[in-house]
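A look at the structure
If you want the building blocks of each chain, they are given just below.
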Amino acid sequence: MGHRDALVPVQPHIRGNPDAPVTIVEFGDFQCPFCRDAAPVIDELVEASNGHVRLVWRHFPLFEVHPYALTASLAAEAAGSQGRFWEMHDALFAHQDDLSDAGLVALAREVGVGDDCVVGEAAQEFGDVVEADYADGLAHQVAGTPTLFVNGVRFQGRVTRDRLRAAVEALKLTKAVSQ
């Protein structure tokens, strides 16, 4: 198993073509303003890639600075258990100003999942998934969010359309050269 594979969990949250040749793994935090700003940039790249790029989301709640990050991750996993992970992902970023339990319950209703499962005791059952993501992040020297890996290579600097596109294009070039 290669280093790249170690970044993708057994049951990943994938946006885009599951078999895309380019994988962007994002270690993110739902309360992080930089993750919120990066989300539309990454989504646009995935959508415009014609199935060439996929996004894999990994939880990395910076709970020491973001008091709601962990409960937001648990809520996203709870929504994911009902097939609504990405809807909740998008809603959490859209409503980042209120990630309190009441806010999470309101978002659950908005995205069409049972609001009783996204907070409190019911959401705790998803702790193992979030913990595993966090541990994998630490193992890959993730310290802040968003931290991206493009086919296993850490993406450096600010996430902008041009810089991320350039990282993906560079992969296409190196692949063409190595064939």
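Residues numbered from 1 in each chain as written. Predicted model: local features only at pLDDT ≥ 70, side-chain atom pairs only at ≥ 80, totals over all residues. Heavy atoms only, no water.

Side note on the state of the cysteines
Heads up, the rule is: Note on disulfides: each one is a pair of cysteine sulfur atoms within 2.5 Å. Under the scheme applied here, a residue whose accessible area is under 20% of the maximum for its type counts as buried, over 50% as exposed, and between as partly exposed, the area being computed with a 1.4 Å probe on protein chains only.
Applying the stated rule across the entire model yields 0 disulfides. The thiol of C32 is unpaired, and the distance to the nearest cysteine sulfur, on C35, comes to 3.5 Å. The class for C32 is buried, based on a relative accessible area of 2%.

Topic: helix α7 (residues 127-139)
Threshold: Runs of H or I in DSSP of at least four residues are treated as helices and runs of E of at least two as strands, each being numbered from the N terminus. The span expected for a helix works out to 1.5 Å for each residue beyond the first. For this quantity, the arc is that covered by the directions from the helix axis to the C-beta atoms. Should any heavy atoms of two residues lie within 4.5 Å, those residues are considered in contact.
Spanning 13 residues, α7 covers 18 Å between terminal C-alpha atoms, matching the ideal 18 Å at 1.5 Å per step. Turning to α7, its buried residues are G127, V130, D133 and G137. The arc enclosing the buried residues of α7, seen along the axis, measures out at 135°, which places them on a common side. For α7, the exposed residues lying more than 90 degrees away from the buried face are D128, E131 and A139. In this structure, the buried residues of α7 make contact with β2 (22-28), β3 (53-59), α3 (69-80) and α6 (120-124). Positive phi shows up at Q141, right after α7, with a value of about 60°.

Observations regarding the packing of aromatic side chains
We count it as follows: Only Phe, Tyr and Trp rings take part, Trp by its six-membered ring, and two of them pair if their centres are within 6.5 Å. Stacked means planes under 30 degrees apart, edge-to-face means over 60, and tilted covers everything else.
All told, the structure shown has 8 aromatic pairs when counted by the stated rule. Ring centres of F27 and F60 lie 6.3 Å apart, and the angle between their planes is 90°; on these two criteria the pair is classed as edge-to-face. Remark: F60 occurs in the loop between β3 and α3 and F27 occurs in strand β2; sequence separation between them is 33 residues. A relative accessible area of 1% means that F60 is categorised as buried. Taken together, a centroid distance of 5.3 Å and an interplanar angle of 50° make the contact between F30 and F93 tilted. Of this pair, F30 sits in the loop between β2 and α2 (33-48) while F93 is found in helix α4 (residues 85-94), placing the two residues 63 residues apart along the sequence. These aromatic residues form a ring-pair network of at least three members: F27, F60, F63, Y134 and F149.

Some details on the sheet that holds strand β1 (residues 13-16)
Stated precisely, the cut-off is as follows: Think of it this way: DSSP has to see at least two bridges between two strands before they count as a pair. Between the N-to-C directions of two axes lies an angle of 0 to 180 degrees, each axis being a line fitted to C-alpha atoms and, for a helix, fitted only over the stretch in contact.
One open sheet holds the 5 strands; their spatial order is β1-β3-β2-β4-β5, and the pairing between them is mixed. Each of the sheet's edge strands pairs with one partner strand only, and the pair in question is β1 and β5 (153-154). Judged from the 2 bridges that link them, strand β4 (residues 147-150) and β5 form a sheet pairing that is antiparallel. Bridged to F149 within β5 is R154. On top of the sheet, α7 reaches β2 and β3; it is set at about 105° to β3, its chief contact.

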